[in-house]
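# Coordinate inspection notes
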Amino acid sequence: MSRFKYTVGPWNVAEGVDVYGPPTRRVLTMHEKVERFAAMGFSAIQFHDDDAVPDIASKSVAQIEDEAHALREFLDGLGVGCEFVAPRLWFDPAFKDGAYTAPKRQNWEKAMWRSERSIDIARILGADFIVLWLAREGTLCMESKNPVTMIEQLRESLDRMLAHDDSIRIAVEPKPNEPIDRSYAGTVGHALALGDLTQDPSRCGVLVESAHSVLAGLDPTHDMAFALAAGKLFSVHLNDQNGMKFDQDKIFGSESLRSTFNQVKLLVDNGYGQRGEFIGLDVKAMRSSGDEFGFKHLENSLRVVQLMEDKVDRFDQSVVDAFVAEEDYEGLEMYVLELLLGS
Ligand code: XLS
Ligand code: MG
């Protein structure tokens, strides 16, 4: 049995589309996916605003709220909650050069409207925070925007969201690149600092995704640790990534077992989850996987966390202390490797 509660989003069951080719698996509705997530034991669901309310930009506030209430009933019926809502601002062509950092004010206003609706939907679904993955907040053409002005505009965007609801919290999910070439706030450090620039830093935190740290050339465990030390780790997206290339969202543990172990150990050692936090699995099935295996990457990732929890439970700190006292770091290295290799 795992000590954690888990969440997942409808986008984590996808049809295999990539930039080079069309779907390879059948399309499931959001409701079908969520029913299956509930049956698999997930405690809560993560929604993009337009997962919760399809075609949201064309709907009235009243219509959006009605649909959110209907979704809440559906979730209640399944016994699952909602962890957060995240505005999916990277799809709309109006935000092709950024949403919060849109050069045109009318597009920025549109981004704020979507963000405020995301907060409203989060409230209706029972979530107390939203997540901002700053997908296009940066540049494709470096000289096209003034970076200082744009970072100020990002801050202004967060302040507007904080003012919309006096207790909503905001978690920024940083990623250094893709789809944008150069992000304005690409690391956990940037995301934390951005929160500190707002009118209410106490309501700003981060969601750390393992793969995004790897893409930044940083260590996911240390990124999560920094956020934990600051009391700012609102959520995590556990997954894996083969080096600094396109974002892969691989099964947790499929590339770097030692890092995977250390991420789980950090969360266990620091009582992650005891203040209501969830473990989110932001993983995708391989494009080559058949229809019948479209959820198996989730089962596998859940299993990996549990297997790593067992390793963490067997990790003996007194052994570590003895090696460190002797300055026998080679011995400690082997202790960890043997633990992971199961010998
Ligand atoms: C993409 C992000 C995305 C967010 C949710 O790289 O990980 O899936 O987690 O908006
Ligand atoms: Mg993510």
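Computed from a prediction, not measured in an experiment: that's the story for all the values here.

## Overview of the coordination of the magnesium ion (ligand 2)
Summarising the metal site, the magnesium ion (ligand 2) is bound by the protein donors E173 (OE), E209 (OE), H237 (ND1) and D282 (OD), whose distances to it range over 1.9 to 2.2 Å. Each of the six donor atoms bound to the magnesium ion (ligand 2) contributes to angles spanning 79 to 167 degrees, and the resulting shape is octahedral. Sequence spacing of the donor residues for the magnesium ion (ligand 2), all on one chain, is E-x35-E-x27-H-x44-D. With a gap of 36 residues between them, E173 in strand 6 (residues 169-173) and E209 in strand 8 (residues 204-209) connect regions that are remote in the sequence. The class of E173 is buried, set by a relative accessible area of 5%.

## Remarks on the site of ligand 1
Ligand 1 sits among W11, H48, W90, W133, E173, K175, E209, H212, H237, D247 and D282. Contact between ligand 1 and E209: an oxygen atom at 2.7 Å from a side-chain N or O atom of the residue. Side-chain polar atom of H237 to an oxygen atom of ligand 1: 3.1 Å apart, as the coordinates give it. With the chains in place, 95% of the 290 Å² that ligand 1 exposes on its own is no longer accessible. By residue class, the composition of the shell around ligand 1 is three nonpolar, three polar and five charged.

## What to know about the side chain of Q263
Among the secondary structure elements, Q263 is positioned in helix 9 (residues 257-269). Classification of Q263 by relative accessible area gives buried; the value is 2%. Setting aside residues no more than four positions away along its own chain, Q263 makes contact with S210, P220, T221, M224, L238 and F252.

## Examining a nonpolar patch on the surface
Residues M334, L337 and L341 make up a contiguous nonpolar surface patch of about 290 Å² in total accessible area. Position of L337 relative to the elements: it lies in helix 12 (residues 329-341). By relative accessible area, which is 31% here, L337 ends up partly exposed.

## Focus on the packing of aromatic side chains
Overall, the coordinates contain seven aromatic pairs when judged by the stated rule. Seen from their ring centres, F37 and F42 are 5.9 Å apart, and the 70 degrees between their planes marks the pair as edge-to-face. With respect to burial, F37 and F42 carry one shared label: buried. Ring geometry for F37 versus F295: centroids 6.0 Å apart, planes at 65 degrees, classification edge-to-face. Pair noted here: F37 is in helix 1 (residues 30-40) and F295 is in the loop between strand 10 (279-281) and helix 10 (296-314), with a separation of 258 residues, a long-range link. Pair check on accessibility: F37 and F295 agree, each one buried. Aromatic ring contacts, followed pair by pair, group F37, F42 and F295 into a single cluster. When the ring centre of F295 is taken as origin, the NZ or CZ atom of R36, which lies over that ring, is 4.1 Å away. It is R105 that lies over the ring of W108; its NZ or CZ is 3.9 Å from the centre.

## Some words on helix 8 (residues 220-229)
For an α-helix, the turn length of 3.6 residues means that residues three or four places apart are oriented alike. Among all positions in helix 8, only P220, T221, D223, M224, A227 and L228 are buried. Projected down its long axis, helix 8 shows its buried positions confined to an angular sector of 165 degrees, all on one face. Exposed residues lying more than 90 degrees from the buried face of helix 8 are H222, F226 and A229. Packed against the buried residues of helix 8 are helix 6 (188-197), strand 8, helix 7 (210-215), strand 9 (233-238) and helix 9. Capping the start of helix 8, D219 holds a side-chain oxygen 2.9 Å from the backbone nitrogen of T221, two or three residues further along. Positive backbone phi, approximately 70 degrees, marks G231, located one or two places after helix 8.

## Brief notes about the environment of R88
Tracing the sequence through the fold places R88 in the loop between strand 3 (81-86) and helix 4 (105-125). The residues touching R88, leaving out its near neighbours within four places in the chain, are H48, D49, D50, D51 and R114. Within the local environment of R88, its side chain forms a polar contact with the side chain of D51, the two groups lying 2.7 Å apart.

## Observations regarding the pairing of strand 4 (residues 129-133)
Within strand 4, five of the five residues are buried, leaving the element largely enclosed by the surrounding structure. Where burial is concerned, the two faces of strand 4 agree: the one with F129, V131 and W133 and the one with I130 and L132 are both buried.

## Notes on the environment of H48
Summarising the element assignment, H48 is placed in strand 2 (residues 44-48). Taking the relative accessible area as the measure of exposure, H48 reaches 7% and is therefore buried. Along the chain, H48 and A86 lie 38 residues apart, while their C-alpha atoms are 4.5 Å from each other. Excluding residues within four positions of it along the chain, H48 makes contact with W11, V85, A86, R88 and W90.

## Examining the pairing of strand 9
With respect to burial, strand 9 is a largely interior element, six of its six residues being buried. Across four bridges, the pairing between strand 8 and strand 9 is parallel. The residue of strand 9 that forms the bridge with L207 is S235. In terms of strand pairing, strand 9 meets strand 10 through three bridges, oriented parallel. Directly across from H237, in strand 10, lies its bridge partner G280. One crossover worth recording links strand 9 to the parallel strand 10 by way of helix 9, and it is right-handed.

Quick notes on the rules
Residues numbered from 1 in each chain as written. Chains lettered and ligands numbered in written order. Predicted model: local features only at pLDDT ≥ 70, side-chain atom pairs only at ≥ 80, totals over all residues. Heavy atoms only, no water. Donors = N, O, S within 2.8 Å, 3.2 Å for Na, K, Ca; no water. Tetrahedral: all angles 85-135°; square planar, octahedral: opposite > 155°, others 65-115°. Helix = DSSP H or I, 4+ residues; strand = E, 2+ residues; numbered from the N terminus. Buried < 20%, exposed > 50% of the residue type's maximum accessible area, 1.4 Å probe, protein only. Near = heavy atom within 4 Å. Polar contact = N/O pair within 3.5 Å; in protein donor to acceptor, adjacent residues only side chain to side chain. Areas by Shrake-Rupley, 256 points an atom, 1.4 Å probe, with all protein chains shown as cover. Nonpolar A, V, L, I, M, F, W, Y, C, P; charged D, E, K, R; others polar. Contact = heavy atoms within 4.5 Å. Patch = residues over 30% accessible without salt bridge, like charges linked within 9 Å, V, L, I, M, F, W, Y side chains within 5 Å. Salt bridge = Lys/Arg side-chain N within 4 Å of Asp/Glu carboxyl O. Phe/Tyr/Trp six-rings, centres within 6.5 Å; stacked < 30°, edge-to-face > 60°. Lys NZ or Arg CZ within 6 Å of the ring centre and 35° of its normal. Arc of directions from axis to C-beta. Pairing = 2+ DSSP bridges. Right-handed = clockwise from strand over helix to strand, strands pointing away.

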